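Letter by letter, the chains look like this.
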Amino acid sequence: MAVAPDGASQVAGRKLARLGPWSGTGAEAPLLWGQCRGSAKDPYRVMIDTSRPAYECTCPSRKFPCKHALALLFLWAEGALEDRGARPEYADRWLHREREREREGAGVPAAQAPEQQSPEQQAAARARAERRDALVLDGMAELDRWLCDQLDAGLARAATDGPAYFEQIAARMIDAQAPGVANWLRSMTGITVTGADWPARLLGEFARMRMLARAYQHLERWDEPMRATVRAHIGFTVAKDAVLQTEPVRDTWLAVGLHDVDEERIVARRIWLHGRHTGVAALVLLFAPHGQSFESNLVPGMVIDADLHFYPGRPRLRALPGQRFEEWMYAGGWSILGRTVAEQCAQRAEALTRDPWLGLWPGVLRGSLARHADRWCVRDDEGALIAVRAPETTVWRLLAATGGASVTMFAEMSDTGINPLSITDREVTGGGLVVL
Amino acid sequence: MTGYADVVAAATVGLAQRRIDLDALPPELGYVADPGAAPAEAVLDAAALFDAVRRVDGGRVEGTTDPITAAPETWPALPEPAAATLWHVVGERRVEVLAEALESMRERRLRLSAPLIPAVLDLAGERASLRPLVGPVLGARGRLLCAHNPRWSWAVEEPVDPRDEQVWEHGSLAERAAWLGALRTLDPAGARDRLQRVWAVESAGHRTALLRACATGLSPADEPWLEELLDTPAVAPVARDLVARLPGSRLVARAESRVRASIEITRHLLPGGRTPELVCHPERLDAGLDPNTLATDGLATGEVLERFNNLVGLVPSGAWPGLLGLDAAALAGCRVTGLGDDAGVGPGLARVAVREANAELAIRLVHLVVGLREDANLLALVPMADREDLIAWALRPVHHDRAPALLSGGTWTESIATQVVRWLRSGETDRRRGRVLQLAARAMPVDSRIDFAAELRDIPLYVRLSPTERSAAFGAALSITLRRKLAHEIADREHR
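In this text the structure is predicted, and so the values were computed from the model without any measurement. (Residues numbered from 1 in each chain as written. Chains lettered and ligands numbered in written order. Predicted model: local features only at pLDDT ≥ 70, side-chain atom pairs only at ≥ 80, totals over all residues. Heavy atoms only, no water.)

**Student:** Tell me about the overall build of chain A, and name the residues and values.
**Tutor:** A count of helices and strands for chain A gives 12 helices and 15 strands. For chain A, whose C-alpha radius of gyration is 24 Å, the value lies close to the compact-globule estimate of 22 Å for 436 residues. For chain A, the C-alpha atoms occupy an extent of roughly 70 × 55 × 50 Å along the three principal directions. Residues counted as buried form 54% of the 436 residues belonging to chain A. The long-range fraction of contacts in chain A, counting pairs at least 24 apart against all pairs at least 6 apart in sequence, stands at 61%. Surface summary for chain A: the accessible area is close to 19,000 Å², and the carbon and sulfur share equals 50%. Mean positive and mean negative side-chain charge positions of chain A (52 and 55 charges, respectively) differ by 3 Å. (Helix = DSSP H or I, 4+ residues; strand = E, 2+ residues; numbered from the N terminus. Rg over C-alpha atoms; globule rule 2.2 N^0.38 Å. Buried < 20%, exposed > 50% of the residue type's maximum accessible area, 1.4 Å probe, protein only. Contact = heavy atoms within 4.5 Å. Areas by Shrake-Rupley, 256 points an atom, 1.4 Å probe, with all protein chains shown as cover. Lys, Arg positive; Asp, Glu negative; His and termini not counted. Charge placed at Lys NZ, Arg CZ, Asp CG, Glu CD.)

In structure tokens:
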């Protein structure tokens, strides 16, 4: 993190970058805000304008930016500030003052509130966006060079250099305001101890990452959905309000799976939904600090009659629930068509052509648990096999629930196989949803 | 042809070290060289194509395999409400509650419902006491899971096959002892012969364990060899116990002869009738016997009292009327002279009671001999209903030490439970209160009209409890509530 005034501040910022001492955090490009509990009676108010960048904190520290501002940047980089709450008044006031100051310096006249922006204000907003684009563009060019350098020098260095191998370039990506890429790089820390084939996997990751860097460098070549996809992987956030203004998809949505990912300071919850009438799959992402509950009460087995608003990009997957009309627990009776392995893999392959950086993809398979060459697989009704890549407990729950019978499985699909999340079948589960 | 392995190898050591021919990539990859690209850029472009192919594959597996099929179930599944309660019990790791439920399920021929099977097997894997209870209620689905998971194979282990010589040759000590015991049921002499053949090369610990397995199929034919073993100090106690189970054995005959020589009954006329008194003559105990025989019979060393109890411990309970004109239970109540103050032959008689699983003698002994009220082996023969007065005695302040032992080993009667609650509320309790609360969790009756869970929850209203005791009281109350709930829910199927 190049903006840190010294190493001590960087360390202190890292330590504070957990949601425990924070409250009222949020992000709405280009502004980040939050209140951090410190030694004073009242929490410190922290505000960051990532477009310039500019920092403000009510703490007495003489360091600039202070550890609180650095911590807020870390949280933002980790996705912990995404789409959170309305912008508080104090942050608005500060941003307004900053804009005034900026205009005074540039001789631009005073502006009104953001929602009533004048053409000049809109121009200023565009200028800020252009500045960030320029920062990211520089960052992607640097990433491209770094990736090529690694191949020239040899990937074996990843094993000898330890975490620093990824950390330095990840910190650079934070400075370049590409937190999605920074997270991706950090997720590779430790790849060298995950099996003998790590160089092959690392090379695949680097190749895909370079594709992303190149895609951003030539954004003008793509259509709007692809641009949105690339920007989402880089780490550009989309304001919740903007998502909620998109055309909704109303359906009766069954929550078919829930998967918590324990990250360093937060827990990310993936909730997979299946639309009864549209057959559409959707992913709702929630975030919560360790030990705290999530905002939503959506759990597998729950059905909501609701509007879903999809984030831009393709394929359509991540969504925000909008207006809810009704909710109840699933009691069966739906006609849910489970696909064969070939059909489901073809559907995922099609999704990958739209988004080559796609991670998990929701699958609905019809099949049974089987053993092949000492590995667990799902065998569809035509005999085709796909590897099961699931926690051991999931495998035993699936075998206990089915006894080897064929059922409809809702699963997360990855490059190496499927992770069954829940099953349903008229006979085996009595029509209900059994969560694994 | 350049494959992905070649590309990876070059990238791993560095393109500066190893060149790679990208013109030789598989044509189906669709790689088109960019003339302006640096070598590293070209390699990353090619790697992206390989990566895309790998990702699209998505974990598909080539080959065929048969579906797994579970055998049909023969027992009905646990009723749904009971299954839901048992989920809670397993989640909270309330082993005593689970154990009782598993026993109840076996009695009612109910199997575990499918979702419970992995969780119950995992918990039983950690708690050996649960393991024997799980196998009978697994059902076909559970056995299928155990067949596929080596961690749970213990639940479906077949009884030891005495025809399988591999177990005897290469098994663990426990497996070999089980094998020997199984062979004793079929061919006692053959089993004895197998043990005798390896006796010289077995360690002392293994000899003891394997000799114990010979309790199965014991007969007079074993006596000569067991007699020989009485000379080997390391195994003599086990051998002596085995020979003492043979009523006509020479050891028992010698012991009875010693009793006749060294113990007699006198009767005193006291108020209430003639009371027998056991008169022991230590000087006659070894008269006429050579030191070796005394040693083999366990009578050569130790204090006089210990030697007399060893002697009494060798005599079957049924022999006493013929020897002294008193049965063993009456003997336990006799005054004893000649062995010192407060001395008696209770410990010797207790060994006999345990060996013979003689409940009548055991009940008599724990009532008459205070020192035996903590003997767990003896108490295991005494039903709870026969302990009520003893527990009332143990709950008096001066006898608290005995309370945990007397309260262990079964479900309390309503009377005992009421006494315990009164005791816990009285404030006259001591450091054993925590232990008794632990026992209450599994021993309080759940078929009573009295809600003992509520009684335990209310204890803090009567006496001050330490935080640990308070936690134990509430924990025990919850266990009792769950036991009561499960008992109703499991039985509910029968009432429908």
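Back to the text.
**Student:** Can you explain the overall build of chain B? Please cite residues and give values.
**Tutor:** Counting its secondary structure elements, chain B contains 28 helices and four strands. The C-alpha atoms of chain B give a radius of gyration of 34 Å, which is well past the 23 Å a tight globule of 496 residues would have. Overall, the C-alpha framework of chain B stretches about 125 × 65 × 50 Å when taken along its three principal axes. Considering chain B as a whole, with its 496 residues, one finds that 48% of them fall into the buried category. Taking the contacts inside chain B whose residues are at least 6 apart along the sequence as the reference set, 62% of them involve residues at least 24 apart. Of the accessible surface of chain B, which amounts to about 24,000 Å², a share of 52% is contributed by carbon and sulfur atoms. Across chain B, the 58 positively charged side chains and the 67 negatively charged ones have centroids separated by 6 Å.

**Student:** Describe helix 4 (residues 119–153) of chain A, with residues and values.
**Tutor:** Counted at 1.5 Å a residue, the expected span for helix 4 of chain A with its 35 residues is 51 Å, and the 50 Å between its end C-alpha atoms agrees. Just downstream of helix 4 of chain A, Gly154(A) is the residue with a positive phi angle, here 105°. (Expected span 1.5 Å × (residues − 1).)

**Student:** Describe the packing of aromatic side chains, naming the residues involved and giving the relevant values.
**Tutor:** All names here are of chain A. Inspection of every chain in the model, using the stated rule, returns 11 aromatic pairs over all chains. Summarising the aromatic geometry, the rings of phenylalanine 166 and phenylalanine 206 are spaced 6.5 Å apart at their centres and angled 65° between planes, so their arrangement reads as edge-to-face. One end of the pair, phenylalanine 166, is in helix 6 (residues 164–175); the other, phenylalanine 206, is in helix 8 (residues 198–217), with 40 residues separating them in the sequence. Given a relative accessible area of 0%, phenylalanine 206 falls into the buried group. Put simply, the rings of Trp146, Tyr165, Phe166 and Phe206 pair up and form one aromatic cluster. (Phe/Tyr/Trp six-rings, centres within 6.5 Å; stacked < 30°, edge-to-face > 60°.)

**Student:** Would you mind going over the interface of chain A and chain B in detail, with residue names and values included?
**Tutor:** Listed per partner, the contact involves 53 residues of chain A and 43 residues of chain B. Here chain A packs against chain B, burying approximately 3,800 Å² in sum over the two surfaces, 60% of which is carbon and sulfur. Looking only at chain A, the three residues that lose the most surface to chain B are Leu151(A), Trp396(A) and Ala400(A), adding up to 16% of its buried area. Scanning the region where chain A abuts chain B turns up six salt bridges. Residues Glu41(B) and Arg210(A) are paired through a salt bridge, measuring 3.5 Å at the closest nitrogen-oxygen approach. At the junction of chain A and chain B, the tally comes to 22 residue pairs in polar contact (both at pLDDT 80 or more). Tallying contributions element by element places helix 8 of chain A first for the side of chain A that touches chain B, with nine residues. When its residues are assigned to classes, the side of chain A that touches chain B shows 32 nonpolar, 11 polar and 10 charged. Sheet topology note: the strand 12 (residues 385–387) of chain A/strand 1 (residues 60–61) of chain B ladder contains two bridges and is antiparallel. What sits directly across from Ile386(A), in strand 1 of chain B, is Arg60(B). (Buried area = accessible area lost by both parts, 1.4 Å probe. Salt bridge = Lys/Arg side-chain N within 4 Å of Asp/Glu carboxyl O. Polar contact = N/O pair within 3.5 Å; in protein donor to acceptor, adjacent residues only side chain to side chain. Nonpolar A, V, L, I, M, F, W, Y, C, P; charged D, E, K, R; others polar. Pairing = 2+ DSSP bridges.)

**Student:** Go over the packing of helix 3 (residues 80–91) of chain B against helix 5 (residues 116–126) of chain B with me, naming the residues and quoting the values.
**Tutor:** The description of two helices packed together rests on the angle between their axes and the distance between the axes. All names here are of chain B. The interhelical angle for the contact between helix 3 and helix 5, taken along N-to-C directions, is 35°, at an axis separation of 10 Å. In this structure, helix 3 meets helix 5 at a crossing whose hand is left-handed. For the pair helix 3 and helix 5, the contacting residues are Ala83, Leu86, Trp87 and Val90 in the first and Leu116, Ala119, Val120 and Leu123 in the second. Taken together, the residues of the contact of helix 3 with helix 5 break down into eight nonpolar, no polar and no charged. (Axes fitted to C-alpha atoms, helices over the stretch in contact; angles between N-to-C directions. Left-handed = near helix turned anticlockwise from the far one by under 90°.)

**Student:** Before we move on, could you go through the environment of Gly333(A) and cite the residues and values that matter?
**Tutor:** Residues and elements named next belong to chain A. Tracing the chain through its elements places glycine 333 in the loop between strand 9 (319–329) and helix 11 (341–354). Residue glycine 333 is classed as exposed on the basis of its relative accessible area, which comes to 71%. Distance from glycine 333 to arginine 157, taken between C-alpha atoms, is 56 Å for residues 176 residues apart in sequence. Those residues within four positions of glycine 333 in sequence are excluded, and the remaining contacts are Arg276 and Gly431.

**Student:** Quick rundown of the nonpolar core? Include the residues and the values.
**Tutor:** Leu211(B), Trp320(B), Trp412(B) and Leu456(B) are the most contacted members of the largest nonpolar core, which has 97 residues in total. With residues up to four places along the chain from it excluded, the contact list for Trp412(B) reads Met384(B), Leu407(B), Ala417(B), Val420(B), Val436(B), Leu439(B), Ala440(B), Ala443(B), Met444(B) and Pro445(B). Residues Leu365(A), Val407(A), Val97(B) and Ala124(B) belong to the second largest nonpolar core, which totals 76 residues. (Core = buried A, V, L, I, M, F, W, Y, C linked by side-chain atoms within 4.5 Å.)

**Student:** Outline unusual backbone geometry, supporting the account with residue identities and numerical values.
**Tutor:** Most peptide bonds take the trans form, and the phi angle of most residues other than glycine is negative. Residue and element names in this part refer to chain A. Cis geometry is adopted by the peptide bond preceding proline 315, which originates at arginine 314 and carries an omega value of -10°. As for its placement among the helices and strands, proline 315 is situated in the loop between strand 8 (302–310) and strand 9. With a phi angle near 60°, glutamine 177 is a residue other than glycine that sits in the positive phi range.

**Student:** Give a description of the sheet that holds strand 14 (residues 417–424) of chain A that names residues and reports values.
**Tutor:** Strand order across the open sheet formed by seven strands is 15(A)-14(A)-13(A)-10(A)-11(A)-12(A)-1(B), with antiparallel pairing between neighbours. Each of the sheet's edge strands pairs with one partner strand only, and the pair in question is strand 15 (433–435) of chain A together with strand 1 of chain B. Helix 11 of chain A contacts strand 10 (361–372), strand 11 (375–380), strand 12 and strand 13 (407–414) of chain A together with strand 1 of chain B of the sheet and is inclined by roughly 140° relative to strand 10 of chain A.

**Student:** I'd like a rundown of the sheet that holds strand 2 (residues 31–36) of chain A, residues and numbers included.
**Tutor:** In any sheet, the strands associate via hydrogen bonds between backbone groups, in a parallel or an antiparallel arrangement. Residue and element names in this part refer to chain A. The strand order across the open sheet formed by four strands is 1-2-3-4, and the pairing between neighbours is antiparallel. Both edges of this open sheet fall to strand 1 (22–28) and strand 4 (54–57), since each of them pairs with a single strand only. Between one strand axis and the next, the sheet turns through 5° on average, direction left out of account. Pairing of strand 1 with strand 2 involves five bridges; the strand directions are antiparallel. Looking at the pairing, tryptophan 22 lines up with cysteine 36 of strand 2.

**Student:** Describe the confidence of the model for chain B, with residues and values.
**Tutor:** Residue and element names in this part refer to chain B. Taken as a whole, chain B shows an average pLDDT of 89; of its residues, 97% reach a score of 70 or greater. Confidence, expressed as mean pLDDT per element, reaches its minimum in chain B at helix 15 (residues 291–296) with 74 and its maximum at helix 5 with 96. Prediction confidence for the complex, expressed as pTM and ipTM, is 0.74 and 0.74 respectively. (pLDDT = per-residue confidence, 0-100.)

**Student:** Which residues make up the pattern of salt bridges, and what are the values?
**Tutor:** Going through the model one piece at a time under the given rule, you end up with 46 salt bridges over all chains. Across the pair Asp51(B) and Arg208(A) runs a salt bridge whose closest N-O atoms are separated by 2.7 Å. Separated into two different chains, Asp51(B) in helix 2 (residues 39–57) and Arg208(A) in helix 8 make up a pair that spans both. An identical accessibility class is assigned to Asp51(B) and Arg208(A); each is buried. Note that Arg194(B) is salt-bridged to Glu165(B), the shortest N-O span being 2.8 Å. Separated by 29 residues along the polypeptide, Arg194(B) in helix 10 (residues 188–198) and Glu165(B) in helix 8 (residues 165–170) bring together distant segments of the chain. For Arg194(B), a relative accessible area of 14% corresponds to the buried category. Residue class for Glu165(B) comes out partly exposed when judged on its relative accessible area of 35%.

**Student:** Can you break down the confidence of the model for chain A residue by residue, with the values?
**Tutor:** All names here are of chain A. Here chain A averages 88 in pLDDT, and 94% of its residues register 70 or above. Confidence scores differ between elements of chain A, with helix 3 (residues 89–106) showing the lowest mean pLDDT of 73 and strand 12 the highest of 97. Every residue in residues 106–113 scores below 50 in pLDDT, and together they form 10 contacts with partners more than four places removed in sequence or on other chains.

**Student:** Let's hear about helix 4 (residues 95–107) of chain B: which residues, and what values?
**Tutor:** All names here are of chain B. The end-to-end C-alpha separation of helix 4 is 18 Å, in line with the 18 Å expected for 13 residues at 1.5 Å each. What helix 4 keeps buried is the set Val95, Val97, Leu98, Ala99, Ala101, Leu102, Ser104 and Met105. Remark: arginine 109 follows helix 4 within two positions and exhibits a positive phi of approximately 55°.

**Student:** Quick rundown of the packing of helix 19 (residues 346–356) of chain B against helix 20 (residues 359–368) of chain B? Include the residues and the values.
**Tutor:** All names here are of chain B. It is at 9 Å that the axes of helix 19 and helix 20 come closest, and there the two elements cross at 155°. Compared by their axis directions, helix 19 and helix 20 come out roughly antiparallel. For the crossing formed where helix 19 meets helix 20, the hand is left-handed. Contacts between helix 19 and helix 20 involve Gly346, Leu349, Ala350 and Ala353 from the former and Leu361, Ala362 and Leu365 from the latter. (Parallel < 35°, antiparallel > 145°, perpendicular 65-115°, else oblique.)

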